[in-house]
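Notes for the structure review
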Amino acid sequence: MQVIQLTDKNEQFNEAVDLYWKTWGEEGGKVFYEDAMVHSLQDPSELPSFYVAIDDRNAIIGTYALLRNDLNSRQDLRPWLACLYVSEDHRGQQLGAKLLEHGLKEAANRGYDSLYLTSDLEGYYEKYGWKQIGLAYGPSGDSIPLYETHTNQY
């Protein structure tokens, strides 16, 4: 498995847009993901950045993104790890842990001391050292647990 940042608009890029949208988006919202991902190509050293894990056949088996904000009320925090996904047939192989570690290294390399995420998945992120530090609120007013971890180990 290899984790790569999407830096070119190619066949793999188009496949990634579809996967991000189908996994995290809403009906009719593909243009949101495509626009964000296309504009991330302008400066790969800046946020947002989109990543894919690929297997030895170049098939996408996982994703994550580093974002300025994950569409929530905590606009004061950044960067955010979002869109963590592992294909069903690759779950249970620590791929999620590898993607989390890759994200931490990327954030550290960009000079960030902390990384944030929101998730209602209980117990998963804590296994990897993330601490719940409060709640964040979405545009609808719903709350979701807010997590932080530090990049100083990288």
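Figured I'd write up the structure that's included with this text. For clarity, every value in this text was computed on a predicted model and none was experimentally measured.

1. What to know about the environment of Thr149
Position of Thr149 among the secondary structure elements: in strand β7 (residues 143-150). The class of Thr149 is buried, set by a relative accessible area of 7%. Residues Thr149 and Leu66 lie 83 residues apart in sequence; the distance between their C-alpha atoms is 14 Å. Dropping the residues within four chain positions of it, Thr149 is found in contact with Leu104, Asp113, Ser114, Leu115, Gly129 and Trp130.

2. What to know about the pattern of salt bridges
Counted by the stated rule, this structure contains 5 salt bridges. Among the ionic pairs, Arg57 bridges to Asp55, the shortest N-O distance being 2.7 Å. Exposure remark for Arg57: the relative accessible area of 62% places this residue in the exposed category. Two residues, Arg110 and Glu106, come together in a salt bridge whose shortest N-O distance is 3.9 Å. Judged by relative accessible area, which is 21%, Arg110 ranks as partly exposed. Of the residues examined, Glu106 reaches a relative accessible area of 18% and is grouped as buried.

3. What about helix α1 (residues 11-24)?
With 14 residues, α1 extends 20 Å from end C-alpha to end C-alpha; this agrees with the ideal 20 Å at 1.5 Å per step. Taken residue by residue, α1 has Gln12, Phe13, Ala16, Val17, Leu19 and Tyr20 as its buried positions. On its buried face, α1 sits against β1 (2-5), α2 (30-40), β2 (49-54), β3 (60-67) and β4 (80-86). N-cap assignment for α1: the residue whose side-chain oxygen lies 3.0 Å from the backbone N of Gln12 is Asn10.

Calculation rules
- Residues numbered from 1 in each chain as written.
- Predicted model: local features only at pLDDT ≥ 70, side-chain atom pairs only at ≥ 80, totals over all residues.
- Heavy atoms only, no water.
- Helix = DSSP H or I, 4+ residues; strand = E, 2+ residues; numbered from the N terminus.
- Buried < 20%, exposed > 50% of the residue type's maximum accessible area, 1.4 Å probe, protein only.
- Contact = heavy atoms within 4.5 Å.
- Salt bridge = Lys/Arg side-chain N within 4 Å of Asp/Glu carboxyl O.
- Expected span 1.5 Å × (residues − 1).
- Polar contact = N/O pair within 3.5 Å; in protein donor to acceptor, adjacent residues only side chain to side chain.

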